[in-house]
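Each chain, letter by letter, is given below.
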Amino acid sequence: MTKISYALLIFILANTFIAHVNPIEFRDVDLKFEYELVLMLATPLLVFLLVILDYLRNPAQRIFFINFILGIPLSIFSLILVILITNSIDMSRGSEREIFKHRFDERSRIVYRTSYWDGHHREGQTYKLKTLNKFFQLTLRTDTAELNAYQWIDLTKGLKN
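In what follows, the accompanying structure is described. (Residues numbered from 1 in each chain as written. Predicted model: local features only at pLDDT ≥ 70, side-chain atom pairs only at ≥ 80, totals over all residues. Heavy atoms only, no water.)

Structural notes on the overall build of the protein
Then comes step 1: A tally of regular secondary structure across the protein gives 3 helices and 7 strands.
Then comes step 2: Mapped from its N terminus to its C terminus, the protein presents α and β elements in the order α-β-α-α-β-β-β-β-β-β.
Then comes step 3: Residues counted as buried form 28% of the 161 residues belonging to the protein.
Then comes step 4: Working note: accessible area of the protein is about 11,400 Å², and carbon and sulfur atoms make up 63% of it. (Helix = DSSP H or I, 4+ residues; strand = E, 2+ residues; numbered from the N terminus. Buried < 20%, exposed > 50% of the residue type's maximum accessible area, 1.4 Å probe, protein only. Areas by Shrake-Rupley, 256 points an atom, 1.4 Å probe, with all protein chains shown as cover.)

Structural data, given as structure tokens:
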């Protein structure tokens, strides 16, 4: 049980740090939010569970009350740490507008995405999105000047800003 708890805690911490450089993202923003919420709630529970499991492994050397009291601040600290790290790294998607679609591959498209950082609107960037399955998509920053005009259909022609 302890090894599983440590593995889950390492997964949560690794996911928190690696999520911003990983090109694979959730297709649905609401699903991403729910996933991050579960990770944030699971972190303090895992830390508290590890403190209690440490007591159960060595009950003669530990005092339950001290372990219990020590586990609560460690759990709160881990929750605050995960929230701060996630919010400092993650830039939530503001708005997304499809500007190109692939002529031959319906799973590929190019979008113009704006994001928000600390409540301030940031300049948008173009991303090539490729659907992997119904939950995930591959996201790569791209330059629209280098696109093959035959493969990509421009959806912005005829639109007014």
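Re helix α2 (residues 29–57)
Then comes step 1: Taking 1.5 Å per residue, 29 residues should reach 42 Å; α2 reaches 41 Å between its end C-alpha atoms and fits that length.
Then comes step 2: Looking at α2, one finds that the buried residues are E36, L39, M40, T43, P44, L46, V47, L50, V51, I52, L53 and Y55.
Then comes step 3: The opening residue of α2, the one whose side-chain oxygen lies 3.3 Å from the backbone nitrogen of D30, is D28. (Expected span 1.5 Å × (residues − 1). Polar contact = N/O pair within 3.5 Å; in protein donor to acceptor, adjacent residues only side chain to side chain.)

A few points about the nonpolar core
Then comes step 1: By size, the foremost hydrophobic cluster in this structure holds 6 residues: L9, I12, L39, L46, V47 and L50.
Then comes step 2: Within the residue set of this core, elements represented by two or more residues are α1 (2–18) and α2.
Then comes step 3: Broken down by element, this core gets its largest block of residues, 4 residues, from α2. (Core = buried A, V, L, I, M, F, W, Y, C linked by side-chain atoms within 4.5 Å.)

Things to note about the side chain of R113
Then comes step 1: Structurally, R113 can be placed in strand β3 (residues 108–117).
Then comes step 2: According to the relative accessible area criterion, R113 is buried, its value standing at 8%.
Then comes step 3: Within polar-contact distance, the side chain of R113 engages the side chain of E25 at 3.0 Å.
Then comes step 4: Within the local environment of R113, its side chain forms a polar contact with the side chain of E96, the two groups lying 2.7 Å apart.

A word on the packing of α1 against α2
Then comes step 1: As a packed pair, α1 and α2 sit with axes 9 Å apart at the nearest point and diverge in direction by 145°. The way α1 lies across α2 gives a crossing that is left-handed. Between α1, through T2, S5, Y6, L8, L9, F11, I12 and N15, and α2, the contact on the second element is made entirely by Y35, L39, A42, T43, L46, V47, L49, L50, L53 and R57. (Axes fitted to C-alpha atoms, helices over the stretch in contact; angles between N-to-C directions. Left-handed = near helix turned anticlockwise from the far one by under 90°. Contact = heavy atoms within 4.5 Å.)

Some details on the pairing of strand β5 (residues 125–131)
Then comes step 1: Here β5 runs beside strand β6 (residues 136–141); their pairing, made up of 5 bridges, is antiparallel. Within β6, the position partnered with L129 by the bridge is T139.
Then comes step 2: Linking β5 back to β6 in an antiparallel pair, the connection comprises 4 residues. (Pairing = 2+ DSSP bridges.)

Remarks on the pairing of β6
Then comes step 1: Sheet topology note: the strand β1 (residues 24–26)/β6 ladder contains 3 bridges and is antiparallel. If you follow I24 over to β6, its bridge partner there is L138.

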